[in-house]
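One-letter residues, chain by chain:
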Amino acid sequence: MGCCGSSEQKQREWKPLEDRSCTDIPWLIIFALFCIGMACIAGFSISTGAASRLISGYDSYGNTCGQKNSKIEGVELSGRDQTDNKYVFFLDPCNIDILNRKIKSMALCVSRCPDIELKTYTDVKKFALQNGSELCSYDIPVSKYPSHGERSKKCPKLPVPPSNSLPVFHRCTPVDISCYAQFAEAFVTFVSDNSMLHRVIAGVMASKEIIMGLCVLALVLSIILMVVIRYISVVLVWILTALVVLGSIGGTGVLWWLYVDHRTNLTDQTGTSPTPQQQVATDNVQALLVYAIFATVFTVILLLLLFFMRKRVALTITLFHVAGKVFTHLPLLALQPFWTFLSLMLFWVSWLGVLLFLGTAGSPVQSEEAGLVEYRISGPLQYMVWYHAVGLIWISQFILACQQMTVAGAVVTYYFTRNKSELPMTPIVSSMLCLTRYHLGTVAKGSFIITLVEIPRLILTYIHNQLKGKENACARCMLKSCICCLWCLKKCLMYLNQNAYTATAINSTSFCTSARDAFVILVENALRVATINTVGDFVLFLGKVLIVSCTAFVGVLSLNYQRDYTVWVLPLLIVCLFSWLVAHCFLSVFEIVVDVLFLCFAVDTKHNDGSPGREFYMDKALMEFVENSKNMAGRDRPEADGDGAEMKSMTHGGGTFA
């Protein structure tokens, strides 16, 4: 059995929801073994002591704080008993290496973080004598703090700011955030002084209730829009069409008017001796003529496309209308973004924790410059990190694919159930159970294909970023081209995967068979697909803009009582970003529903014609669209010939899918 070619059948028989069987079991086994490998890496990183080093922290001599330690060969101050010293103290906590994302400072294990400012080494000595917390290196006696010759290297930088320990992670961190001014400047370049930063942060804290309320408003608006978009989609589509037509005609007219005006002025100047200004004017007239001709050709082509694709625009509107009805019958669809986001966040947090554990699970290495100890990954651990990185991509794509498969299964059940009263009580839950029982292997295989494209794209992106500022511009250009090609390939595969999941939900076939069948259907309806993806995506984009605009408008009204307008920036920015994210998550589910409905509609019209025994499954709105298409085909046969995919008789069995 090949992936995309088989000879066991000459024609695909679509039997929606009739036969259900397990698909792609080998891939489910491979994915399960891969996940077991991820679990083994997590267990290894925790069992080797990396977890204790990450949580408790370690000093610059390799000693883990809060416990007894073994001697490290070649490091004199290692192997100390740090049971009473539970906190990590950095001698210069403000010395941050932004590029390598770490603090460039010696670290020590101390029994207490300094809670007051220490201005002199005498103050450091008094603090050590009173609290038993030695803030200088272990090889310097407390009595020698003020006079030791290496105090500038092995004692904290003065003045020592007051600090508190982080919860769970026992690190002493300065109380005053101005300590990290250099770090903040790397991210907030528009802040010229600390007063502006403090005012903006104060504005966010003072407006936190308003921000939370506006985020909830964006959530509510997104849910409402998914339900009512079926009523406003007609208006949005035709407004879009009118704006495109008027814009193209108006732009073409302006270009011709400018051409005539410049040509008239140039004719009036003929008879005089030619000047450089006249030569420039002549070039401008010729350029305007080229622009006007190009705009005219573009406008004519656009108008012809709109004329011949008007029925497909009507199909897009009808699909939006039916998608809105789907959400009224399947309200739990609106919760899908919540479960997906929650699953991704739980996985990402656990993945990041294991990665941090791996980062401290390496072997202790003493640096040649300062003689300090760091734990570096080497040997087999490097392969574990790469394996772990692949797991991030594959499992993330697997979770997203599970959402697509769940939505597809629920919508397919809705579409191919003639009597809606016979729908399961919770089609979403039924679809999730069906996915878990039958199709996890298909989802694993589809997500792995995306992973195969995503990994080289990320590697090339990293190499491209490393080449920034280098002289090899040609190599950077080639890398950028490869990255763009891989990105386009990923988008195409993701769209094909989504339709393959829908075909699997309909016919319970394996991934490759479903992808082949879906591809054939999409090719036969290529113009419809193009119309839905262009017009539909733009309508959904307008919906996102509408939600963000409404949320921002309410935010301006809510923040109006704060007359210091400079503090509006960050709260409104947070609200707008969150509202866009929420709108994108919800409307992406709506987009999946529209795509699933279209594939179901294409399969329905391909294999049924409404005659006895071959009745349509589709909704009444789609039925009216089909009837109108047939009536128009009867009145205008030449046009029907040019739109055979839409007007031809539905009684044929279709092409072969083998």
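Use the structure listed above.
Bear in mind that the values here come from a model prediction, so they are computed numbers and not experimental data. (Residues numbered from 1 in each chain as written. Predicted model: local features only at pLDDT ≥ 70, side-chain atom pairs only at ≥ 80, totals over all residues. Heavy atoms only, no water.)

Along the backbone of the protein there are 19 helices and eight strands. In the protein, the proportion of contacts linking residues at least 24 apart, taken out of those at least 6 apart, comes to 71%. If you sum the accessible surface of the protein, you get close to 34500 Å²; carbon and sulfur atoms cover 66% of it. (Helix = DSSP H or I, 4+ residues; strand = E, 2+ residues; numbered from the N terminus. Contact = heavy atoms within 4.5 Å. Areas by Shrake-Rupley, 256 points an atom, 1.4 Å probe, with all protein chains shown as cover.)

One way to put it is that helix H1 (residues 25-47) packs onto helix H11 (residues 380-415) with a least axis distance of 10 Å and a crossing angle of 130 degrees. Between H1 and H11, the angle falls in the class oblique. Like other packed secondary-structure pairs, H1 and H11 cross with a definite hand, here left-handed. Within the contact between the two elements, H1 uses Ile30, Phe31, Leu33, Phe34, Cys35, Gly37, Met38, Ile41 and Phe44 and H11 uses Leu381, Met384, Tyr387, His388, Val390, Gly391, Trp394, Ile395 and Phe398. (Axes fitted to C-alpha atoms, helices over the stretch in contact; angles between N-to-C directions. Parallel < 35°, antiparallel > 145°, perpendicular 65-115°, else oblique. Left-handed = near helix turned anticlockwise from the far one by under 90°.)

To continue, consider the packing of helix H10 (residues 336-359) against H11. Interhelical geometry of H10 versus H11 gives an angle of 175 degrees and a closest axis separation of 10 Å. In terms of orientation, H10 lies roughly antiparallel with respect to H11. In terms of residue class, the contact of H10 with H11 is built from 17 nonpolar, eight polar and no charged. (Nonpolar A, V, L, I, M, F, W, Y, C, P; charged D, E, K, R; others polar.)

Right, let's get into the packing of aromatic side chains. For the structure shown, the criterion picks out 13 aromatic pairs. Relative to Phe448, the ring of Trp27 has its centre 5.2 Å away and its plane inclined at 45 degrees; by these criteria the two rings are tilted. With Trp27 in helix H1 and Phe448 in helix H12 (residues 427-466), this pair connects stretches of sequence that are 421 residues apart. The class for Phe448 is partly exposed, based on a relative accessible area of 23%. Aromatic pair Tyr61 and Tyr138: ring centres 5.7 Å apart, planes at 50 degrees, arrangement tilted. Pair noted here: Tyr61 is in the loop between helix H2 (50-56) and strand S1 (87-90) and Tyr138 is in the loop between helix H3 (121-131) and helix H4 (151-154), with a separation of 77 residues, a long-range link. Judged by relative accessible area, Tyr138 falls into the buried class, the value being 13%. Three or more aromatic residues joined by ring pairs make a cluster, and in this case those are Trp27, Phe31, Phe34, Tyr387, Trp394, Phe398 and Phe448. Over the face of the ring belonging to Tyr138 we find Arg80, whose NZ or CZ atom lies 4.3 Å from the ring centre. (Phe/Tyr/Trp six-rings, centres within 6.5 Å; stacked < 30°, edge-to-face > 60°. Buried < 20%, exposed > 50% of the residue type's maximum accessible area, 1.4 Å probe, protein only. Lys NZ or Arg CZ within 6 Å of the ring centre and 35° of its normal.)

With that settled, consider a nonpolar patch on the surface. Together, Leu332, Leu335, Phe338, Trp339, Leu342, Leu346, Val429 and Leu433 make up an exposed nonpolar region whose accessible area comes to about 730 Å². Breaking the nonpolar patch down by element, the ones donating at least two residues are H10 and H12. The leading source of residues in the nonpolar patch is H10, at four residues. On the secondary structure map, Leu332 appears in the loop between helix H9 (310-329) and H10. For Leu332, a relative accessible area of 34% puts it in the partly exposed group. (Patch = residues over 30% accessible without salt bridge, like charges linked within 9 Å, V, L, I, M, F, W, Y side chains within 5 Å. Salt bridge = Lys/Arg side-chain N within 4 Å of Asp/Glu carboxyl O.)

Core analysis: the largest hydrophobic core is formed by 55 residues, its most contacted members being Val326, Tyr415, Phe590, Val593 and Leu597. At the level of secondary structure, the elements contributing two or more residues to this core comprise helix H7 (208-268), H9, H11, helix H13 (473-507), helix H15 (526-558), helix H16 (569-607) and helix H17 (620-635). It is H16 that contributes the most residues to this core, 14 residues altogether. Once residues lying within four places of it in the same chain are set aside, the contact partners of Val593 are Ala323, Val326, Phe327, Leu333, Val407 and Val411. (Core = buried A, V, L, I, M, F, W, Y, C linked by side-chain atoms within 4.5 Å.)

Turning our attention to the state of the cysteines. The tally for this structure, following the rule as stated, stands at three disulfides. Bridging Cys65 to Cys109, the disulfide has an S-S length of 2.0 Å. Here the S-S torsion is close to -85 degrees, and the disulfide linking Cys65 with Cys109 is therefore left-handed. One end of the pair, Cys65, is in the loop between H2 and S1; the other, Cys109, is in strand S4 (residues 107-110), and 44 residues separate them in sequence. Residue Cys65 is classed as buried on the basis of its relative accessible area, which comes to 2%. Given a relative accessible area of 2%, Cys109 falls into the buried group. Residue Cys136 pairs covalently with Cys155 via a disulfide, S to S 2.1 Å. Every disulfide takes its handedness from the sign of the S-S torsion; for Cys136 and Cys155 that torsion is 120 degrees, giving right-handed. Of the two residues, Cys136 sits in the loop between H3 and H4 while Cys155 sits in the loop between H4 and strand S5 (163-165), which places them 19 residues apart along the sequence. (Disulfide = S-S within 2.5 Å.)

The topology assignment puts Ser430 in helix H12. Look at Ser430 and you get partly exposed, because its relative accessible area is 31%. Once the C-alpha coordinates of Ser430 and Gly409 are considered, the two residues, 21 residues apart in sequence, prove to be 8.5 Å apart.

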